[in-house]
Amino acid sequence: MEKASIVGKLQDIVISTTEGNTNTTIARALLKKVGHNAPDISIEALAEECFTSTASISRFSKKIGYSKFSDMKQAFIDYQSDTKKFINKNNFELALNELNSNHSLNEYIKQITKAFQSLEKNLDLKQIDLLCERIHDTEDVYFFGTHSSGLLLEQFQYLLFSCGKYVTYFNGRMNQRKAFQQISKNSLVIILSTDGNYFLKFSDLLFNMSSNDYYTVLITQNDQMKIANIFDEVLFLGNSTIKKAAPYQAQLLIDILYSRYYQLYS
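Numbers given to residues run from 1 along each chain, matching the order in which its sequence is written. The predicted origin of the model limits local features to residues at a pLDDT of at least 70 and limits the giving and counting of side-chain atom pairs to 80 or more, whereas totals for whole chains, interfaces and linings rest on all residues. By convention in this description, side-chain values take in all heavy atoms of the structure and omit both hydrogens and water.

Now for helix H4 (residues 54-63). Those residues of H4 that fall on the buried side of the exposure criterion are Ser-56, Ile-57, Phe-60 and Ser-61. Considered in projection along H4, the buried side chains sweep an arc of 145 degrees and stay on one side of the axis. Those residues of H4 that are exposed and angled more than 90 degrees off the buried face are Arg-59 and Lys-62. Per the convention used, a helix needs a DSSP run of H or I reaching at least four residues, while a strand needs a run of E reaching at least two, with both numbered from the N terminus. Gly-65 lies just past H4 and shows a positive phi near 105 degrees. For every residue, the accessible area (1.4 Å probe, protein chains only) is compared with the maximum for its type, and the residue is labelled buried under 20%, exposed over 50%, or partly exposed between those bounds. This arc describes the spread of directions from the helix axis toward the C-beta atoms.

It is worth spelling out the pattern of salt bridges at this point. Close approach of charged atoms allows side chains of opposite charge to pair. Within this document, salt bridges are pairs made up of a side-chain nitrogen of Lys or Arg and a carboxyl oxygen of Asp or Glu, the two lying within 4 Å of each other. Counted under the stated rule, the structure contains four salt bridges. One salt bridge connects Lys-33 with Glu-49, and the closest N-O pair in it is separated by 2.9 Å. Note that Lys-33 is positioned in the loop between helix H2 (22-31) and helix H3 (43-49) and Glu-49 in helix H3, a separation of 16 residues in sequence. The exposure class assigned to Glu-49 is partly exposed, which follows from its relative accessible area of 38%. With a closest N to O distance of 3.4 Å, Lys-68 and Asp-71 form a salt bridge. Given the relative accessible area of 44%, Lys-68 is considered partly exposed.

Looking now at the packing of H2 against H4. The contact between H2 and H4 brings their axes to 11 Å, and the two run at 80 degrees. Our classification of the angle between H2 and H4 gives roughly perpendicular. Residues Asn-23, Ile-26, Ala-27 and Leu-30 of H2 form the contact with H4, whose own contacting residues are Ser-56, Ile-57, Phe-60 and Lys-63. Ten residue types, Ala, Val, Leu, Ile, Met, Phe, Trp, Tyr, Cys and Pro, are classed as nonpolar, four, Asp, Glu, Lys and Arg, as charged, and the remainder, Gly among them, as polar. Looking at the contact of H2 with H4, its residues break down into five nonpolar, two polar and one charged. To define axes, lines are fitted to C-alpha atoms, for helices over the stretch in contact only, and angles between the resulting N-to-C directions are given on a 0 to 180 degree scale. An angle counts as roughly parallel when it lies under 35 degrees, as roughly antiparallel when it exceeds 145, as roughly perpendicular when it falls between 65 and 115, and as oblique in every other case. Contacts were defined at the residue level, with two residues in contact if any of their heavy atoms lie within 4.5 Å.

Moving on to the sheet that holds strand E1 (residues 141-144). Spatially, four strands are ordered E1-E2-E3-E4 in an open sheet, and the strand pairing comes out parallel. Of all strands in the sheet, those bounded by a partner on one side alone are E1 and strand E4 (233-236). Taken pair by pair, the neighbouring strands of this sheet meet at an average axis angle of 15 degrees, ignoring direction. Any two strands between which DSSP finds at least two bridges are classified as paired. The pairing of strand E2 (residues 188-192) with strand E3 (residues 215-220) spans five bridges and is classified as parallel. If you follow Val-189 over to E3, its bridge partner there is Thr-216.

What follows is the structure in structure tokens.
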């Protein structure tokens, strides 16, 4: 099973639980504290803020997989620490300040431009048209992706709705796990994972997917993933010297897919 982050679990609660429910209130209160000092959170203060009891907070902790409140709080602290490390590691690609803002922005745009050119070089319009045809002709189409990839797929889903094509995309990790379980035979499964992190969260489901009777497509920038071999088809976004270029490349590819779909079938 996927080891979801504390924030992922809280987001799933907010998405799947009825508004006004105590669990939703607690989850929202905790999500608002993500950017603040987690060690300062106390069970008494949280209960008072959510107009509930400390016993309800303890039950909530167990509901999302922790034996007690202190374990949930520690998971929150660990998440903040890991997030800070990630930001410090990746934020160097666009660091604007008074001394070098013009130079940094210019270099950043140059790298994004090179990434677009790499996508153009790798783009096969015949493959794009064949995928559009497959989307059009397949009754059950499923999109999978999280974070920025998920937002792009949700956008693509709405665009296809406007063309009269229904596709399934569920936001949230738990909802996507449920969607994997309902995929029928002869479906089309499209996964957008720009850097391959999706496979760390859903590896068990993806390996099971390869043995089922449906067509699978991977869209990614990471051409070094061995797991890509389990897919029937791979659309490569192209190379880039910076990680932050991948979402731009993915956005452009989604725009191209929709443009071709619209021209062919709308």
